[in-house]
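Remarks on the overall topology
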Amino acid sequence: MDLKITKTRMPKDLPDNSKLGFGELFTDHMFNMDYGPDKGWHDARIEPYAPIMMDPATMVLHYGQAIFEGLKAYPTASETIQLFRPDRNMARLNRSAQLVCIPEIDEAFVLCALKKLISIDKRWVPRAPETSLYVRPTIVAMDPYLGVRPSNTYRLFIILSPVGAYYPEGFNPVKIWVTDKYVRTVRGGVGEAKTPANYAASLYGAEVAKKAGYTQVLWLDAIEHRYIEEVGTMNIMFVINGELTTPPLGGSILAGITRDSVLALARHWNFPVAERPITIEEVVAAHGDGSLQEIFGSGTAAVISPVSHLAWQDQVLTVEDGGIGPMARRFYKAITDIQYGQAEDPFGWIVPVDEA
Ligand SMILES: *Cc1c(COP(=O)(O)O)cnc(C)c1O
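In this text the structure is predicted, and so the values were computed from the model without any measurement. (Residues numbered from 1 in each chain as written. Predicted model: local features only at pLDDT ≥ 70, side-chain atom pairs only at ≥ 80, totals over all residues. Heavy atoms only, no water.)

Let's shift gears to the site of the ligand. Around the ligand sit 15 residues in total, of which K194, Y199, E230, T258 and T300 are the nearest. One of the side-chain N or O atoms of R92 is found 2.8 Å from an oxygen atom in the ligand. Residue T258 places a side-chain N or O atom 2.6 Å away from an oxygen atom belonging to the ligand. Summarising the interface, the protein chains cover 96% of the accessible area of the ligand, which totals 380 Å² for the free molecule. Of all the secondary structure elements, the ones that give two or more residues to the shell around the ligand are β12 (234-240) and α5 (257-268). For the shell around the ligand, the per-class residue count stands at four nonpolar, seven polar and four charged. (Near = heavy atom within 4 Å. Polar contact = N/O pair within 3.5 Å; in protein donor to acceptor, adjacent residues only side chain to side chain. Areas by Shrake-Rupley, 256 points an atom, 1.4 Å probe, with all protein chains shown as cover. Helix = DSSP H or I, 4+ residues; strand = E, 2+ residues; numbered from the N terminus. Nonpolar A, V, L, I, M, F, W, Y, C, P; charged D, E, K, R; others polar.)

On to helix α7 (residues 326-339). Its 14 residues place the ends of α7 20 Å apart at the C-alpha level, agreeing with the 20 Å of an ideal helix rising 1.5 Å per residue. Counting buried residues in α7 gives 10 out of 14 residues, a clear majority hidden from the surface. Taken residue by residue, α7 has M327, A328, F331, Y332, A334, I335, T336, D337, I338 and Q339 as its buried positions. Following α7 by one or two positions, G341 adopts a phi angle in the positive range, close to 70°. (Expected span 1.5 Å × (residues − 1). Buried < 20%, exposed > 50% of the residue type's maximum accessible area, 1.4 Å probe, protein only.)

Attention now goes to the nonpolar core. Core analysis: the biggest nonpolar cluster contains 44 residues, and F31, L114, I118, I139, L156 and I158 have the highest contact counts within it. The element best represented in this core is helix α3 (residues 107-120), accounting for eight residues. Setting aside chain neighbours within four positions, we find I139 in contact with W41, Q65, A66, I67, L93, I102, I105, Y154, R155 and L156. Core analysis: the next-biggest nonpolar cluster, separate from the first, contains 26 residues, M237, V239, L263 and F271 among them. (Core = buried A, V, L, I, M, F, W, Y, C linked by side-chain atoms within 4.5 Å. Contact = heavy atoms within 4.5 Å.)

So, on to the domain arrangement of the protein chain. Domain boundaries in the protein chain define domain 1 (4-164) and domain 2 (174-339). Both faces combined, the contact of domain 1 with domain 2 buries some 1,800 Å², and carbon together with sulfur accounts for 56% of it. Broken down residue by residue, the surface that domain 1 buries against domain 2 is led by F68, F84 and R92, which jointly contribute 33%. Counting across the domain 1 and domain 2 interface gives three salt bridges. Note that D260 is salt-bridged to R88, the shortest N-O span being 3.6 Å. Our count for the domain 1 to domain 2 interface comes out at 13 residue pairs in polar contact (both at pLDDT 80 or more). Every element with two or more residues in the side of domain 1 that touches domain 2 is listed here: β4 (66-68), β5 (71-75), β6 (81-84) and α2 (86-99). When grouped by side-chain class, the residues that make up the side of domain 1 that touches domain 2 number nine nonpolar, five polar and seven charged. (Domains from an automatic or database assignment. Buried area = accessible area lost by both parts, 1.4 Å probe. Salt bridge = Lys/Arg side-chain N within 4 Å of Asp/Glu carboxyl O.)

Looking now at the packing of aromatic side chains. In the structure shown here, the tally under the stated rule is 12 aromatic pairs. Aromatic side chains F26 and Y49 sit 5.6 Å apart centroid to centroid with 10° between the ring planes, which places their arrangement in the stacked category. Taken together, the residues span a long stretch of sequence, with F26 in the loop between β1 (4-5) and β2 (29-36) and Y49 in the loop between β3 (40-48) and α1 (59-63) at a distance of 23 residues. With a relative accessible area of 29%, Y49 lands in the partly exposed category. (Phe/Tyr/Trp six-rings, centres within 6.5 Å; stacked < 30°, edge-to-face > 60°.)

The N-to-C vectors of α2 and α3 enclose an angle of 130°; their axes lie 10 Å apart at closest approach. If you check the angle between α2 and α3, you find them oblique. Between α2 and α3 the crossing geometry is right-handed. Contact residues: α2 offers P86, D87, M90, A91 and N94, while α3 offers E107, V110, L111 and L114. Tallied by class, residues from the contact of α2 with α3 come to six nonpolar, one polar and two charged. (Axes fitted to C-alpha atoms, helices over the stretch in contact; angles between N-to-C directions. Parallel < 35°, antiparallel > 145°, perpendicular 65-115°, else oblique. Left-handed = near helix turned anticlockwise from the far one by under 90°.)

A contiguous patch of negative charge, built from D87, E104, D106 and E107, is present on the exposed surface. Along the polypeptide, E104 turns up in the loop between α2 and α3. (Patch = residues over 30% accessible without salt bridge, like charges linked within 9 Å, V, L, I, M, F, W, Y side chains within 5 Å. Lys, Arg positive; Asp, Glu negative; His and termini not counted. Charge placed at Lys NZ, Arg CZ, Asp CG, Glu CD.)

This next bit is on unusual backbone geometry. Trans peptide bonds make up most of the peptide bonds, and negative phi angles are found at most residues other than glycine. Positive phi is not limited to glycine here, since N270 has a value of about 60°. Tracing the chain through its elements places N270 in the loop between α5 and β14 (273-275). We classify N270 as exposed; its relative accessible area is 70%. In this structure, D321 is a non-glycine residue whose phi angle is positive, near 55°. By secondary structure assignment, the location of D321 is in the loop between β17 (315-318) and α7. Taking the relative accessible area as the measure of exposure, D321 reaches 81% and is therefore exposed.

Right under this line is the structure:
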């Protein structure tokens, strides 16, 4: 497929790299591609960043048929730019596509277009420590039609956003609220897809948690309200009795690429790993008998997010005396060192962005 490139005549001013937040600023260009029943995916193009014109009846606005991905491009000390396991994001975009009836993409082509987009906007890749360029591929249903059915037409776009260090004051633990009242997804639903419905469904519970003084919600399974699932945008891991333990991917949990990387590293280090169902009662009991050593979340934005407090019903469990455990630190360092090219990559996870 051809890729048409139109460069902007009005490049924006670069932001101050020491003051970057998350997802607030966007670069000069974006990638766009359309889908229609006759042509399939067509008209792939990189063009100036611009709003998308939509009929008010556009299906995505009414029925939420949409999917997205999130990954980052990292600067290295030798002034190159690299991606971390982007093939996994492309494969997951297609998995999400299947679950909400969106036509699949050519993963290799979209990855190639993404690299080209980053190389065109490479001046936007921040260079300060722990900063990066966040990449957001999205596909939305475009038919102007009121009625629930899969759309016939779609738009795929990729936008880029320079983002600051997730932990500007250093690696920081979070307080998590466990709910047995609200649920995010259910087995047989679309929890395994990165689709907007799941995030809309999580907002109310997350607001309740925030009012109670917690950063995020830990969701339990929607049927028995016992089995641990994941946090809003992170998978969850426990170190119990010297074993790294995380819930299995049962259909209601997002298959995090950071989760997979943590598990691969642990196995590489010969650290015991268990992917098995874990109940909240088991976590409370392990905290009670002293076998609960660490809790942390894993996801692209924060990489590793240590959990210092877990609130469940009328108890608050304090983990690692409210500090950060050694495994959380070890995973954080190992993964970020690979991402920024400061350590060997024995797994073949790094994909350079060729600066054409
Ligand atoms: C994106 C996301 C994750 C983390 O996935 P990564 O590939 O590690 O970034 C975990 N849970 C949910 C619900 C997510 O949306």
